[in-house]
Amino acid sequence: MTTKKQLVVKQAGLEDLDHTSGNQSSGEQKDVVVKTMYMATGSGIPEIKSVLSGFDIPHLLSLKVMVVKSVGAVFAVATAMCLGKEGPFVHISTCIGYLTAKFLPQYANNAMRMREMLSIACSAGLSVAFGAPIGGVLFSYEEISTYFPRRVLWRAFLCSLVAAVVLKELNPTGTGKLVLFETNYGVDYDVKHYLVFIFLGICGGVFGGVFCYANFLWSKTFRQIPWVKKSPVFEVCIVVLVTALLQYPNPLIRETGDKVMEQLLVDCNNVEEDWICAEEAKVHGKSTYYVWLVSGTLAKLVLTIITFGCKVPSGVIIPALDAGALFGRMIGQLVPDISPGIFAMVGSAAFLAGVCRMTVSLTVIMFELTGEVNYIPPFMVAILTAKWVADFISADGVYDLAQHLVGHPFLDAEQAIEKLRDHNRERRALLVEALLPTAQMVDTQTLRVTADRQVEMSYIRSKLADARNHQILEPGFAMVNENGICCGYISGDDLRTIAVSVDKDAMVEQGGIVNLVGEDFSHLADTSPVCLSAKAPVEHAAEMFSKLGVGYIAVVAEDSSKFAGLVTRKDFLRFLDSLE
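Note that the coordinates shown come from a computational prediction; the quantities given were computed from them, not determined experimentally. (Residues numbered from 1 in each chain as written. Predicted model: local features only at pLDDT ≥ 70, side-chain atom pairs only at ≥ 80, totals over all residues. Heavy atoms only, no water.)

1. Quick word on the overall build of the chain
And step 1. Per the secondary structure count, the chain includes 24 helices and eleven strands.
And step 2. Its C-alpha atoms give the chain a radius of gyration of 27 Å, within 12% of the compact-globule value 25 Å for 580 residues.
And step 3. Each principal axis of the C-alpha atoms in the chain carries an extent, and together these give about 95 × 75 × 50 Å.
And step 4. Going through the 580 residues of the chain one by one, you find that 51% of them count as buried.
And step 5. Partitioning the intrachain contacts of the chain with sequence separation of at least 6 by distance along the chain shows that 69% fall at a separation of at least 24.
And step 6. Accessible surface for the chain amounts to roughly 27600 Å². Of this, 58% is attributable to carbon and sulfur atoms. (Helix = DSSP H or I, 4+ residues; strand = E, 2+ residues; numbered from the N terminus. Rg over C-alpha atoms; globule rule 2.2 N^0.38 Å. Buried < 20%, exposed > 50% of the residue type's maximum accessible area, 1.4 Å probe, protein only. Contact = heavy atoms within 4.5 Å. Areas by Shrake-Rupley, 256 points an atom, 1.4 Å probe, with all protein chains shown as cover.)

Right under this line is the structure:
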């Protein structure tokens, strides 16, 4: 018996792992194909952030990905692994928003308005995941979207409201309430307790920083081992086995993540028949309970590190909340005359802030999760402290690091402008002309056309061949007329489509003239390219790429407005990287 494995990576975003086995004695071969849809794995939030910053990830929001992720998330969460449902919910809701909007011409034909629709859909996803409609809107604004004008704000608010109303009517939890982890401790905190909240924030920041660094290191080492990289199902099986071995013996973390959180926030002043309350009511013999709390916190840290990034639909919010609640409950045992559940609640917010670096949105989410409006100041203290400490340990949050791992580009205008300003303080101020490619590359990107945007077919074929010779994978061409003015833009794929269509239908003679904006091809060319002066500050380019969502900018001379070169979004990102 011989076995051969071959990994085929497809451009559509799917990877097929083909297992071919044959029997030597019979001479027969049987092919078994196992498909892993990588676009449906993980959280989905890092990829959505890239899309909302203006990049295109094929098939990320397709119907097939949505269905696979919906079914996969059910089974993944049911395994009680250290993963949550919030990331998949945000991805699924974004898929629904995209699939709906693409049938509406005002969105389908306008990339900027489509991005706004996706930002709106994101808010509904978190609203459904946690029953937190306001937190969902703020999460989309703070964590995911790069452009969030006022009109998007109220539309996201409306979408999140509708999602919350439908969720309440469906009542999946059986409580009839939106609040997922409702608490009512009935006691207030004193000024001295702020020291404990700050301590929880420090510990949450350390947890988040260590988690981000360790998860990044785990993905760059263990997941790059050939047999692990080629066998994602085997990796998941290992993680499930390790999870069962570490979690099942501990009664505090045996259940799924949301159940663990619900148990740890219990108020023992009102609940009599509860295992946690019974353990905490003991006068002696509480050492075993302390061991469960400490080991549970460490187990959650280790398991979340090795689980986040597995090829299953998964989020990181619930595991981080669980770890924080375990640690907070443990610290609460040392604080007299106050419910330990309060510190479990604040600790969960601190640990999640350290992992995700959210601030305002997380405070509102915690309030909506628990219904404890009086504890908003402790939430804020712990969250801010955790963010500052985590930023000192690891500059990027978990979603930013996940983007680096999967290789998806992302442009944050604020970070880009801050980097440019730091550079300008030390050196001469940068202008847009610094972004221009070499003269040879400018010539390759230039498509000479007539005033009516007509061009010979032989010239089109020569430009496409020239781009291939220079190994430009995603070429784009600026249409420049006889006066040197940029009068349009067309991508290499669209120009290739025109060439194939002309050859197939024999629309023009060999070497004849084709109109790039004629009736047959008008939808392929952009006749209103975004232009920017070569003498403008580079910060203007960052603003235009981020807020307008354009994929390219045509740079023109300041005095004559003649075309000087094309700058794509990826060119701009490479330029920013070169400043480091």
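2. Topic: the sheet that holds strand β11 (residues 563-568)
And step 1. A sheet is described by the order of its strands in space; here three strands give the open sequence β9-β10-β11, paired in mixed fashion. Two strands bound the open sheet, and with one partner strand each, they are β9 (531-533) and β11. Mean inter-strand twist for the sheet, computed between neighbouring axes without regard to direction, equals 35°. (Pairing = 2+ DSSP bridges. Axes fitted to C-alpha atoms, helices over the stretch in contact; angles between N-to-C directions.)

3. Observations concerning the nonpolar core
And step 1. Grouped together as the largest cluster of nonpolar side chains are 93 residues, with contacts concentrated most on F211 and V398.
And step 2. The biggest single contributor to this core is helix α15 (residues 340-356), with twelve residues.
And step 3. Apart from the residues within four sequence positions on either side, F211 is in contact with L301, T304, I305, F308, V316, V355 and V398.
And step 4. In this structure, L430, M544, V550 and L573 belong to the second largest nonpolar core, which totals 24 residues. (Core = buried A, V, L, I, M, F, W, Y, C linked by side-chain atoms within 4.5 Å.)

4. Remarks on the pattern of salt bridges
And step 1. Taken as a whole and assessed by the stated rule, the structure comprises 16 salt bridges.
And step 2. With a shortest N-O distance of 3.0 Å, D400 and K49 are connected by a salt bridge. On the criterion of sequence distance, the pair formed by D400 in helix α18 (residues 398-406) and K49 in helix α1 (residues 45-52) is long-range, its members being 351 residues apart.
And step 3. When its relative accessible area of 19% is taken as the criterion, D400 is described as buried.
And step 4. Judged by its relative accessible area of 4%, K49 is buried.
And step 5. Salt bridges here are not isolated pairs; linked through shared partners, they connect K49, E143 and D400. (Salt bridge = Lys/Arg side-chain N within 4 Å of Asp/Glu carboxyl O.)

5. Quick word on the packing of helix α14 (residues 317-332) against α15
And step 1. Relative orientation of the contacting elements α14 and α15 amounts to 140°, with a least axis distance of 6 Å. The pairing of α14 with α15 is recorded here as oblique in orientation. Remark: the crossing between α14 and α15 carries right-handed chirality. The residues of α15 that touch α14, namely those facing I317, A320, L321, A323, G324, A325, F327, G328, R329 and G332, are P340, G341, F343, A344, G347, S348, A349, F351, L352 and V355.
And step 2. Grouping the constituent residues of the contact of α14 with α15 by class yields 13 nonpolar, six polar and one charged. (Parallel < 35°, antiparallel > 145°, perpendicular 65-115°, else oblique. Left-handed = near helix turned anticlockwise from the far one by under 90°. Nonpolar A, V, L, I, M, F, W, Y, C, P; charged D, E, K, R; others polar.)

6. Thoughts on the packing of helix α6 (residues 133-144) against helix α16 (residues 360-370)
And step 1. At a minimum axis separation of 8 Å, α6 and α16 run at an interaxial angle of 165°. Between α6 and α16, the angle is such that the two are roughly antiparallel. Of the two elements, α6 crosses α16, and the hand of that crossing is left-handed. On α16, the residues that touch P133, I134, G135, L138, F139 and E142 of α6 are V360, S361, V364, I365 and E368.
And step 2. Partitioned by chemical class, the residues of the contact of α6 with α16 number seven nonpolar, two polar and two charged.

7. Brief notes about the state of the cysteines
And step 1. What the rule picks out here adds up to one disulfide.
And step 2. One disulfide bridge connects C268 with C277, the sulfur atoms lying 2.2 Å from each other. What sets the handedness of the C268 and C277 disulfide is the S-S torsion sign, and at about -90° it is left-handed.
And step 3. Note on C268: relative accessible area 26%, which makes it partly exposed.
And step 4. A relative accessible area of 8% means that C277 is categorised as buried. (Disulfide = S-S within 2.5 Å.)

8. Some details on the packing of aromatic side chains
Aromatic ring pairs: the centre-centre distance and the angle between the two ring planes describe each pair.
And step 1. According to the stated counting rule, one finds 18 aromatic pairs in the structure shown.
And step 2. Relative to F222, the ring of W218 has its centre 4.5 Å away and its plane inclined at 25°; by these criteria the two rings are stacked.
And step 3. Look at W218 and you get partly exposed, because its relative accessible area is 26%.
And step 4. Linked through ring pairs, Y185, Y189, Y194, F197, F343 and Y375 together constitute an aromatic cluster.
And step 5. Positioned above the aromatic ring of Y107, the side-chain terminus of R113 is 5.1 Å from the ring centre.
And step 6. Sitting above the plane of the F55 ring, R569 keeps its charged end 5.1 Å from the centroid. (Phe/Tyr/Trp six-rings, centres within 6.5 Å; stacked < 30°, edge-to-face > 60°. Lys NZ or Arg CZ within 6 Å of the ring centre and 35° of its normal.)

9. Quick word on the pairing of strand β10 (residues 552-556)
Two faces make up the sheet, and in a regular strand the side chains alternate between them.
And step 1. Along β10, five of the five residues are buried, which leaves the element largely enclosed by surrounding structure.
And step 2. Going residue by residue along β10, you find Y552, A554 and V556 tucked away on one face and I553 and V555 tucked away on the opposite face as well.
And step 3. Relative to β10, β9 runs parallel, the two sharing three bridges. Looking across to β10, one finds that L532 is bridged to V555.

10. Quick word on the side chain of E372
And step 1. Secondary-structure assignment places E372 in the loop between α16 and α17 (376-393).
And step 2. Within the buried set, E372 has no salt-bridge partner at all; the shortest N-O distance to an opposite charge, 11 Å, is to R329.
And step 3. Those residues within four positions of E372 in sequence are excluded, and the remaining contacts are T183, N184, Y185, M345, F367 and F379. (Lys, Arg positive; Asp, Glu negative; His and termini not counted.)

11. Overview of the sheet that holds strand β7 (residues 486-491)
And step 1. Pairing is mixed across the open sheet formed by three strands, whose spatial order is β4-β6-β7. Each edge of the sheet is formed by a strand with only one pairing partner; in this case those strands are β4 (446-448) and β7. When the angles between neighbouring strand axes are averaged without regard to direction, this sheet yields 30°.
And step 2. Judged from the three bridges that link them, β4 and strand β6 (residues 476-480) form a sheet pairing that is parallel. Note on β6: the bridge partner recorded for T446 is A478.
And step 3. Its contacts with the sheet place helix α21 (residues 457-469) against β4 and β6, and it is angled at close to 170° to β4.

These figures come from the coordinates and say nothing about function on their own.
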